[in-house]
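Structural features, examined
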Amino acid sequence: MTFISRIDEKHINKDEIKKQAEILKEGKTVIFPTETVYGLGANALDENAVSKIYEAKGRPSDNPLIVHIYDKKQVNDLVKDINENAQIIMNKFWPGPITIILKKKDIVPMRTSGGLDTVAIRMPSNPIAKALLEEVKLPIAAPSANISGRPSPTRGKHVYEEMNNRVDGIILGGDCTFGLESTVLDLTNDIPTILRPGSVTKEDLENAIGQVNIDPALEKKEDNIKAKAPGMKYKHYSPNADVYIVSGDIDNVVKKVNELSYDGAKKGLKCAVMCLEENNNKYKCDTIVLGRNLEEVASNLFNALITADENEYNIVYTEEFPNFGVGRAIMNRLLKSAGYKIIKV
Ligand code: TXA
Ligand code: MG
């Protein structure tokens, strides 16, 4: 049985927060909203509790977890050394959607760090997440609250449908504002490296700390295709529908999608295209409008992929977005959802 709480982030019900915090203190699992995506939390310092996260998600246990805190002082307990870049990032972007990686202290179990000697830490800004973390007073490991491989849930409804009865508690707290997971920044080397793009962009980070690299594995599509091969563990953000990115001039994209969806329909395949609102009326097939700008696209993307499954689409085409700023995070998730399938027109 899962204990469900519905909490409005503008009027936080302290009693419900207390009940969910108790569940976490007992070494059990609670799903809670953050400003990025819903997280599936457990006591980061308790190996048994952390094992329950992997179990609920069906996640390979060598994939490290992000540890969530409510007070910057907690970082001292978790890492060996807070370097200057870490200090700047924490002051400038926390609470908020960026995760930093530093060398861990022994108190952080290997189960939490996926066997690495580093730990990923983030201080979320969502008021419900903050209230829960402050009440429980423990660092909470929390990956996105999806079954491994599926799109991360950003809407309470999807969390409930996918995770009810797989965890001990769920806090339903409305929609996640950013909609894509936090930027992950490795600060253990001389030059900080982005391991996962998010809404705190490379440009934002370079303004704060100077040169920042992007993990080459993110940009090299060929290598990623190879990395996918060893098993399902590399599958990410995949809806049931087959996703294709259609890349090129918008007029050519529209023409191609209209042709492909017409051919698909003849074969009995249900097709849709994910698009910007300004292009909605250009398509002859079903459309899933992602928004008017990149921020809205980021916020709606995972919801759109899950909704596409609810509507039983077989094929989802998507427009391409510019690969800079927030667009880089959007394209990273889209490429994974599409299994790197791109139709160039
Ligand atoms: O926005 C978010 O970050 C959400 C919310 C719930 O906070 N959490 C999230 O966690 O997306 P998860 O587990 O789905 O993604 C964590 C990412 C993974 O790609 C993992 O491999 C990487 O961070 N990661 C965690 N610890 C790491 C470490 N020590 N070294 C390298 N990568 C690490
Ligand atoms: Mg995830």
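Shown above is the structure to which this text applies.
The present account deals with the structure reproduced in this document. These numbers come from a predicted model, not from an experiment.

**Points about empty space enclosed by the protein**
- Taken as a whole, this structure holds 1 cavity of 30 Å³ or more when the rule is applied.
- The volume enclosed by the largest cavity comes to roughly 40 Å³.
- In this structure, the largest cavity is lined by Ile194, Pro197, Gly198, Val200, Thr201, Lys202, Gly325, Arg328 and Ala329.
- Domain assignment of the residues forming the lining of the largest cavity places at least three in each of domain 1 (3-219) and domain 2 (242-344).

**Thoughts on the packing of aromatic side chains**
- As enumerated under the stated definition, the model contains 1 aromatic pair in all.
- Between tyrosine 244 and tyrosine 317, the ring centres sit 5.9 Å apart and the planes meet at 35°, which makes this aromatic pair tilted. Taken together, the positions of tyrosine 244 in strand β12 (residues 242-247) and tyrosine 317 in strand β15 (residues 315-319) put the pair 73 residues apart, joining distant regions of the chain.
- Take tyrosine 244: its relative accessible area is 22%, and that puts it in the partly exposed class.
- What makes tyrosine 317 buried here is its relative accessible area of 5%.
- Positioned above the aromatic ring of tyrosine 313 is the side chain of lysine 270, whose terminal nitrogen or guanidinium carbon lies 4.7 Å from the ring centre.

**Side note on the pattern of salt bridges**
- Here the structure, examined in full by the defined rule, presents 15 salt bridges.
- We note a salt bridge from glutamate 22 to lysine 25, for which the minimum N-O separation is 3.5 Å. Here glutamate 22 and its partner lysine 25 are both found in helix α1 (residues 14-25), 3 residues apart, which amounts to about one turn of the helix.
- Arginine 150 is paired through a salt bridge with glutamate 162; the nearest N and O atoms lie 3.6 Å apart. On the criterion of sequence distance, the pair formed by arginine 150 in the loop between β7 (140-141) and α7 (156-163) and glutamate 162 in helix α7 is long-range, its members being 12 residues apart. Assigned by exposure class, arginine 150 and glutamate 162 land together as buried.
- The network of salt bridges with shared partners includes Arg150, Glu162 and Asp309.

**Points about the side chain of asparagine 146**
- Tracing the backbone shows asparagine 146 in the loop between β7 and α7.
- With near-sequence residues (within four places) excluded, asparagine 146 lies in contact with Lys57, Pro151, Ser152, Pro153, Glu162 and Met163.

**Remarks on the sheet that holds strand β10 (residues 193-196)**
- If you walk across this open sheet you meet the 11 strands as β1-β8-β2-β3-β7-β4-β6-β5-β9-β10-β11, and the pairing is mixed. Strand pairing shows two members of the sheet lacking a second neighbour, β1 (3-6) and β11 (213-214), which therefore form its edges.
- In the sheet, strand β2 (residues 30-32) pairs with strand β8 (residues 169-172) via 2 bridges, with the strands oriented parallel. Opposite isoleucine 31, over in β8, you have isoleucine 170 as the bridge partner.
- Against the sheet, helix α4 (residues 84-93) contacts β5 (98-103) and β9 (183-186), and its axis sits at roughly 155° relative to β5.
- Of the strands in this sheet, β5, β9, β10 and β11 touch helix α8 (residues 202-209), which is tilted by about 40° from β9.

Calculation notes
- Residues numbered from 1 in each chain as written.
- Chains lettered and ligands numbered in written order.
- Predicted model: local features only at pLDDT ≥ 70, side-chain atom pairs only at ≥ 80, totals over all residues.
- Heavy atoms only, no water.
- 1 Å grid on protein atoms, 1.4 Å probe; cavity = no way out; pocket = protein on both sides within 12 Å on 5 of 7 lines; lining within 4 Å.
- Points joined across faces, edges and corners; volume = space filled by probe spheres on them.
- Domains from an automatic or database assignment.
- Phe/Tyr/Trp six-rings, centres within 6.5 Å; stacked < 30°, edge-to-face > 60°.
- Helix = DSSP H or I, 4+ residues; strand = E, 2+ residues; numbered from the N terminus.
- Buried < 20%, exposed > 50% of the residue type's maximum accessible area, 1.4 Å probe, protein only.
- Lys NZ or Arg CZ within 6 Å of the ring centre and 35° of its normal.
- Salt bridge = Lys/Arg side-chain N within 4 Å of Asp/Glu carboxyl O.
- Contact = heavy atoms within 4.5 Å.
- Pairing = 2+ DSSP bridges.
- Axes fitted to C-alpha atoms, helices over the stretch in contact; angles between N-to-C directions.

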